[in-house]
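Report on the structure
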Amino acid sequence: MVKKRVSREKDGGESPLKALRSELDMSQEEFGRFIGTTARTVSRWEAGDSIPTFTITQMKALDRLMKSKGKTIQDLPDDFGPYGRLPIPEN
């Protein structure tokens, strides 16, 4: 039996990563290819199924993407998953 994913609307809305991809006008596959990962991984990040971890090479690629839109890494959210889906670790 296929498990149906809970609606993101009920979980608090769209992922900040998906909003960023939309702003960059990129598909999950294009975004993943640009930063050196797969569309499936990007999908899991956006759905909140896994927490993103980036290599230095991926961060540099993400930095280039951000600069292309006049933004910096500092403009990125602290959490890429759907709002309300993943708990934010306390320090």
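Heads up: the structure comes first, above all this text.
Reference entry: report on the structure contained in this document. (Residues numbered from 1 in each chain as written. Predicted model: local features only at pLDDT ≥ 70, side-chain atom pairs only at ≥ 80, totals over all residues. Heavy atoms only, no water.)

Time to look at the overall build of the protein chain. The number of helices and strands found in the protein chain is 5 helices and 0 strands. Its helices and strands taken in sequence order, the protein chain reads α-α-α-α-α from the N to the C terminus. Looking at the 91 residues of the protein chain, the share that counts as buried comes to 31%. Carbon and sulfur atoms provide 50% of the accessible area of the protein chain, an area that totals close to 6,500 Å². (Helix = DSSP H or I, 4+ residues; strand = E, 2+ residues; numbered from the N terminus. Buried < 20%, exposed > 50% of the residue type's maximum accessible area, 1.4 Å probe, protein only. Areas by Shrake-Rupley, 256 points an atom, 1.4 Å probe, with all protein chains shown as cover.)

It is worth spelling out helix α5 (residues 56–68) at this point. Given 3.6 residues per turn, any residue in an α-helix points the same way as the ones three and four places further on. Between its terminal C-alpha atoms α5 stretches 19 Å, which fits the 18 Å expected from 13 residues at 1.5 Å a residue. Of the positions making up α5, those classed as buried are Gln58, Ala61, Leu62, Leu65 and Met66. The buried side chains of α5 occupy one side of the element, clustering within an arc of 140° when seen end-on. What points out from α5, more than 90 degrees from its buried face, is the exposed set Ile56, Thr57, Lys60, Arg64 and Lys67. Next to the buried residues of α5 lie α2 (16–24) and α3 (28–35). A positive backbone phi angle near 75° is found at Gly70, which sits one or two residues after α5. (Expected span 1.5 Å × (residues − 1). Arc of directions from axis to C-beta. Contact = heavy atoms within 4.5 Å.)

Attention now goes to the packing of α3 against α5. Running from amino to carboxyl end, α3 crosses α5 at an angle of 125°, the nearest separation of the two axes being 8 Å. When the axis of α3 is compared with that of α5, the two are oblique. Each of Phe31, Phe34 and Ile35 in α3 lies in contact with α5, whose residues at this interface are Gln58, Ala61, Leu62, Arg64 and Leu65. Tallied by class, residues from the contact of α3 with α5 come to 6 nonpolar, 1 polar and 1 charged. (Axes fitted to C-alpha atoms, helices over the stretch in contact; angles between N-to-C directions. Parallel < 35°, antiparallel > 145°, perpendicular 65-115°, else oblique. Nonpolar A, V, L, I, M, F, W, Y, C, P; charged D, E, K, R; others polar.)

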